[in-house]
Structure formats: C-alpha cells, structure tokens
Amino acid sequence: MAEAADFQGTPSPARRWLRRTGALLAGAPLLAALVQLPAALPAQAADSDAVSVALDSLSPSAPTDGDTVTVSGTVTNNGKQAVTDAHVDVRVGSQLSARSAIDAAARHPDDLQSGVGTAVGGKYTEDFDSLAPGVAEHFSISVPVDKLGLGQDGVYPFGVSLSGQTSAQPWDQVLGIQRTFLPWQSSAADTQTRTTYLWPLISSVHVTAKTGAGELQTPVFLNEDLAKEISPGGRLAQMLALGKDLDVTWVLDPDLLASVDAMTRSYRVQGPGESTTAGTHQAVAKQFLADLQSAVADKEVVTLPFADPDLASLAHNGTSVTGSLSHLKDATDVAATTVETVLHVTPSTDFAWPVNGAVDPSIIKVATSGGADKVIARSDSLQETGGLSYTPSAARPIGGGTTAVVADARLSTAFQGDLTNADSATLAVQRFLAQSLALNTQTDKQRSIVVAPQRMPSAGQAQAMAAAITALQDSNWSQPQTLAAAAKDKPDPGATTKIPSSSAYPSSLRKQELPRTAFEQIARTQDKLDNFQVVLTNQSRVVTPFGRAINREMSTSWRGRGNEADSFRTGVESWLDSLLGQVKLIDKSETKLSGRSAVIPVTVQNNLVQGVDHLVLRLTSTMPTRLEIGGKAYYEQPVEVSGGHTQSVKFSTSANANGRVEVIAQLYTQDGQEYGAPVQFDVKVTEVTPTVMLVIGGGVLLLVLAGFRMYTQRKRAAARRAGEDGGPDETGEDVPETPEAPEGTGSEVSGGPGNPDPRGDRLHEESEAGSGADDPEQPSDPTPDTAPESADPSGTGERVDR
C-alpha cells in the first residue's frame, strides 16, 4: 500500500530520475533533427539565389481602370542544376500605407524570406519545361488590371517570380523573385500634387584661360570631352532630346552655353606640353545650340551663376579669404547676359542651389550675398521637426526675405546609381511613382512638391528620369508646376523653417569641398590680374577670359576631383604669369661713364599683341652720393609701348666721384604697384680729376709756347730778307736791297732762270727755320690727335659718352 500510495501520489526520487532519463532518450532523434534543420536552410537559400529574375519593363507604369499591365523580362538559372517544371508568375501583395513602408520593401527586392505575395495564376503564367544551368529565358505576361485583385487606390507590391524544382529539391517552390511597386489610381484624384521637376543641363569645366593672339582670341579647350557630350548619343545630347518633350524647369549653367557657343567658331584643343590642335566639332555645337533654343523657347529657365560655383566650399573655406565673395557676385552678374545672348530667353537668377540641397547658416548667407533670395534645399537637410503626418509644400520662409525651396529627398534621389540596364531603370521608375502617389494620398490638402535630382545625370539616369516624368504627367494624381510658382506657394504653417547648424552638415560632403588653399590661390591670381589690367590698352582681351577662368576654378564640378582642380588653377595662374612676363625690362650689362654727366638708356619690351601704358619706369641709384639720376637718388618716367615693340627710355645722370654704383630699374603701375622683376646693373664712374686737368693744361701751354716760337722765327726771317733788299723791315727801317744775280747763272731760290718764284725765298727760309728736330707739328698736319674709333664691340661694359 505504501508503494501504491507512492506511485499514485508524489513520485519517489528514483522514479523521477527514471522518467527524465527515458524522456531524454526518446527525444534524442527529434533534437538531432532540429539541430540539423538550420544547417539545411542556408543551403536552400543558396540554391534559390542561383535563380535570378530581371524585370525589364512594366507598362503602363501607373495603370488605371480598363488597362492591361504587361510585364517582361528574363529569368536566368545561375545554379548547377536544371530547373524543371519552371513557370513565371505575377504576384501582388497587400497595399502599402506609408512612404516608409515603400522604402523598407525596396531594400530587398529579391529576398524570398520577405514574402512573395499572391500569384495571379491561371493563364497569366508562362511555363518552361526546363531551365538549364547558365541559360536565360525571356518572358512576357499581360494581365488585365481587374485580374490583379487591387483594392482601393494606393501603392501595391508587385512581383514576378520563378517557381520550379531541382533534383536536390524535387518539389514545386519559388526559386527567384523580383519585386517592384504598382501605383494604382483608378481615376483622377480629388486633390492632385503640383510637382516641379528640375532638369539640369550642367557639365564640368572644359575651357582654359588661354586664348589665341588673333583678333578673335581663339579659345583653348582642355580636351574634346564636351564635343562627345553634345554629339548625337552623348549625355547632354540625350538630356536635350529627352527634356524637350517634358514639362520641366530647365536649370542651366551659363558656362556650358558659353563653351558650346565658343565651339561654333574656331577653337583649339590642348595637347601634350604647350601644343594645341584645331577643334573640328563646329557643326555639332551649332546643332546643339539650335536644338536647345527650340527646346527652352516656351519653358521656364533658371540659370545658376557662371560655372556653377560651389556655395558650400565658399561658405566653409572661402569667406575668410579676401575677395572670394566678389567672384560669386561677378558669376551671377554675367549669368543672365550669357543665357540671353546664346539662347535668346530671359532666365531667372533668383535661385541658388547648394550641392545636394545641403544647407547651414553660412551657406544661406553666401547664397544670398550672390543675389539669390531663394535657396533650393532638400528635405534630408532641412528635416521636419514638427511631427507632421504628411510631406509639406516646398516653400519655407527662413527670414531676411529669403525662401528655402525644399525638394523632396526621396523623389530627388530616386535615380542615382547605375541605371544602365533595363531592370534597374524599371525598378527606379516604379519606386519614384510609388513615392509620388503615396505622398499624394497622405492628405486632402494640395501641396507643391519640388524634385531636384543630381546635377549631372548619366545618360541612363536621364532616360529613367524622363520615363518617370512622362508617366507622372499622364497620371491621375499629379500636375506639373514651375519652380517660380512653387517658391511663391503659401507655406505650410506646420513645416519647419529652422536651418540646421553647421555641425549637421554631412561630413561626406565636407571632404569633397575646395580647401582654403584653393581660394588663396584664386585670390593670388586675381591680385595679379588686377595689377596687369591697369597697364593694358584693351583690358577686355585679358580680363574677360581670366575672369571666367577664375569662376571656373570655384565650380561645383570639381568635387571628388581634387587633383584636376589643382591642375586647372595652376594652369590659369601660370598662363597669367607668362602674359605678365611679356612686358619686361631688357637686361643690361655694366655701363661706363667717361665724364661728369651722361645719359643711360633702359629698354622696355612689350611682346603682347596690344599696347601697354600707365606704366612708370623708375631708375634708382643705390649710392646717390656717387651717382645721381635726374639730380636725385631716383627718377621716374612714364612708359607707353605698342604691341610687339620695344622702347628705350633715357635717364640723365651726373657723377660726383669715381667708382662702381649699382643701379636698379623697376617698372611700376601708376598706382604704385611693382610690375615685373627689376633689372640691376653696375655703372662704372670714371670722373675727370684735377691731376688730369693739370696734365691737359700743361699740354695746352706747350702748344702755345711752340706757336710763339714759330712766330718769332718767322719774324726774324722776314727781317733778314728786308735788310738784304734795302727796304724797311717790319719795324719801318730800310733794309739793303739784294743785288740781282747775273743772268744765266743759277739762283738759290726755287724759281727757274728768268722766272723767279716770289715764294722761293720764303719757302727756303721756312725750310731752314723748320729743320730743327724740336719744332712742333702744325695744326694742319694730317696726323690725328686721337686714335681712330674701333668698330669692334666694347669690352664687358657698355660705354656711355657725354
């Protein structure tokens, strides 16, 4: 009984141990199976991943009542086993009620574990007997919209799956799937979203600061990349062809227009080193501009400042460098003129567009300083903090008369990434439309939504964008609107207007900004340009190309291309330096002064095409106590030199002592700024001293004494002749007459018999008188008193005579 009581009541410890042991032994096979089950799941997933489904087209993208949806694509067996009894099905999931749900579903479009929806089945299935490894099969299925089981208007998950079996898994199962979205608006919505889509026609920098020396100043391009972009099939050519049929707002960079316009005439392309080649795409450029003029003739056109300056880089790194903001104002001023000249339309210049719409207080301040009173931001930067249950309108007053036009981030980023294949493009289009419809169904309140895509879409991205805009324009929930209208729309009182702080600016964008050193180099180039232009007779030939080149140095297109940006800035500054060097002083060798005063010439050379003036040449003596220039330590003279000529400027100098003096020649602008490098040369002064004057005076005295001696000798000779003739001498006394020589006898005079030479006696006497060795030379003697001047060049120095 005790045992019976024990059995029926609380079991003894021995019995409890026996029961537990038996339970463990009985459950061991089940536990082993459970342990093995997780290991089998990854293998199944791996097999499933071996089958891929590509959804190449979905038409119509946004069906309405009575439509038939046609979906086509390819299924590919990437595994090692054949798929038998394969069939492709169209599947529809439950309606997605929020925009965030669309985001979540789009993250894993081919994940089998996320639910596959309900297959339409029936005749809306495409069968394949077998799908061999490595084989891709095309499919196309058309389903009336009323067979899809759609309920109320909204966004539905829409997928295409491949089902079948393999030898390793011989049962029917879904092996691959591709999900997208089907926006369903059966009829016109009571309230439609007003949508503004920006269509950016922007390129990178293509034109250098160099121009030809001719009257037309032939521009020099970095390469022929722009010609490729605007040629048929090129990125910009496709954007133009697609955009002309869309109701969009064109956003243009005037630099692109100016560059293409320059290509319509003669242009050069930079080659290796300093070489250039002739550009040959004039016809392509003319056609592109003609097509663009036609496309924008009746559309809204917004122009960015010239070369699309990087507002964020300027705000974060450039404002501390003097003069940086002035470049933004110049770029804004020239923008409208460029667009009007090239396209013959009047653009809006009121909008600023920071990179990716990311803003902070400093960016807003810089944007407005350039003349804009509307800043295109993005909702992932100017985020909502008021807890609104819907997406508010784009316009936000942010103070100071400035409006932030906040683009929707989801719609604006829908076409990023690689969209070169049809599958990825189709998914992007359907996701964009789904987000747009979900936005419209949030509230009955009508709103203005702006879409600001990436600045330079690829050709594939542009094609997907155009497909989405076309579908949106044909939809039942959206209507197009201009950017100006969106900016003027009544702001939502619950929308945030607080600009995020500088610390909230994305670090990924900061890393791509132009550094402070870039703006310092720009400022240095501008200083050189300012110093150069004041001496030119035709400033526009230099100021215009270099001014536009400086705008290009600040372009947003340099983001992520730091090395190319450095190279471009260096090239601009180097070219300006070379032009500055075309106006210079010619080097001089040592100059010798052989007296107390002399004139020193200094030569200015101008190798520019145009003339220069407003220059001053200063010649300075480093030792004015020894050598004065113009009566003082230095002297200045204005300089004006025609293009391709040289001019010699002469300076009067006076020496006070012997020795070598260093003289410095320097050009200055009229406002006192140094121009070019100075020229230094030595002047060797050989002043005439008192000792030399004594020697010269002694020589003169000897000449006078010699002349007096000659005079006295002649006087004595004349007196003797007078005495012999009996006539009075020069003193008035009689002199005995000399008896005549007998006829027929010789005479001592030079004259012959019967023909006495009246000069004979005089010549004879002068001959006797001049027979002495110490007699001085006569002034009329042919022997010069100085050595003949040599035609050979002088020595190392330049001799300057008085």
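What you are looking at is a predicted structure, and each value in this text was computed from that prediction instead of being measured.

## So, the overall build of the chain
Of the regular secondary structure elements, the chain holds 20 helices and 31 strands. Counting only residues that meet the buried cut, the chain has 45% of its 802 residues in that class. Considering only contacts within the chain whose residues lie at least 6 apart along the sequence, 76% involve residues at least 24 apart.

## Observations regarding the pairing of strand E3 (residues 83–92)
Most of E3 sits out of view: 8 of its 10 residues are buried. Across 7 bridges, the pairing between E3 and strand E7 (residues 154–165) is antiparallel. Considered in E7, the bridge of aspartate 89 is made with serine 161.

## Some details on a negative patch on the surface
Taken together, the side chains of Asp85, Asp127, Asp129 and Asp172 present a region of like negative charge at the surface. The topology assignment puts aspartate 129 in strand E5 (residues 125–131). Overall, the relative accessible area of 72% leaves aspartate 129 in the exposed class.

## What to know about the environment of leucine 131
In this structure, leucine 131 sits in strand E5. Apart from the residues lying within four places of it in its own chain, the contact partners of leucine 131 are Val75, Thr76, Asn77, Gln81, Ala82, Val83, Glu137 and Leu162.

## What about the pattern of salt bridges?
The full count for this structure, using the stated rule, is 24 salt bridges. A salt bridge links aspartate 577 to lysine 528; its shortest N-O distance comes to 2.9 Å. Linking aspartate 577 in helix H18 (residues 562–580) with lysine 528 in helix H16 (residues 516–533), this pair joins segments that are 49 residues apart in sequence. Residue classification places aspartate 577 among the partly exposed positions, given a relative accessible area of 35%. Residue classification places lysine 528 among the partly exposed positions, given a relative accessible area of 24%.

## Thoughts on the environment of glycine 631
As for its placement among the helices and strands, glycine 631 is situated in the loop between strand E26 (627–629) and strand E27 (634–641). Overall, glycine 631 belongs to the exposed group, its relative accessible area being 54%. Considering only alpha carbons, one finds glycine 631 and threonine 653, 22 residues apart in sequence, at a separation of 7.2 Å.

## Here's the deal with the packing of aromatic side chains
In the structure shown here, the tally under the stated rule is 6 aromatic pairs. Arranged with centres 6.4 Å apart and planes meeting at 85 degrees, the rings of tyrosine 635 and phenylalanine 651 form a pair that is edge-to-face. Pair noted here: tyrosine 635 is in strand E27 and phenylalanine 651 is in strand E28 (residues 645–655), with a separation of 16 residues, a long-range link. On the basis of relative accessibility, which here comes to 34%, the residue tyrosine 635 falls in the partly exposed class. Overall, phenylalanine 651 belongs to the buried group, its relative accessible area being 0%. In textbook terms, an aromatic cluster arises when at least three aromatic residues are bridged by ring pairs, as seen for Tyr197, Phe415 and Phe432. Geometry around tyrosine 634 places arginine 618 over its ring, the cationic atom sitting 4.6 Å from the centre. Across the ring face of tyrosine 634, the terminal group of lysine 632 is positioned such that the distance to the ring centre comes to 5.9 Å.

## Focus: the nonpolar core
Soluble, globular proteins show a tendency: their nonpolar side chains are buried together. One finds Phe532 and Leu617 to be the most contacted residues of the largest nonpolar core, which totals 75 residues. If we ignore the near neighbours within four places in the chain, the residues touching phenylalanine 532 are Val542, Leu576, Leu579, Leu580, Leu608 and Tyr675. Tyr197, Val207, Tyr267 and Trp477 belong to the second largest nonpolar core, which has 63 residues in total.

About the cut-offs
- Residues numbered from 1 in each chain as written.
- Predicted model: local features only at pLDDT ≥ 70, side-chain atom pairs only at ≥ 80, totals over all residues.
- Heavy atoms only, no water.
- Helix = DSSP H or I, 4+ residues; strand = E, 2+ residues; numbered from the N terminus.
- Buried < 20%, exposed > 50% of the residue type's maximum accessible area, 1.4 Å probe, protein only.
- Contact = heavy atoms within 4.5 Å.
- Pairing = 2+ DSSP bridges.
- Patch = residues over 30% accessible without salt bridge, like charges linked within 9 Å, V, L, I, M, F, W, Y side chains within 5 Å.
- Areas by Shrake-Rupley, 256 points an atom, 1.4 Å probe, with all protein chains shown as cover.
- Salt bridge = Lys/Arg side-chain N within 4 Å of Asp/Glu carboxyl O.
- Lys, Arg positive; Asp, Glu negative; His and termini not counted.
- Charge placed at Lys NZ, Arg CZ, Asp CG, Glu CD.
- Phe/Tyr/Trp six-rings, centres within 6.5 Å; stacked < 30°, edge-to-face > 60°.
- Lys NZ or Arg CZ within 6 Å of the ring centre and 35° of its normal.
- Core = buried A, V, L, I, M, F, W, Y, C linked by side-chain atoms within 4.5 Å.

The values are spatial; any link to function lies outside them.
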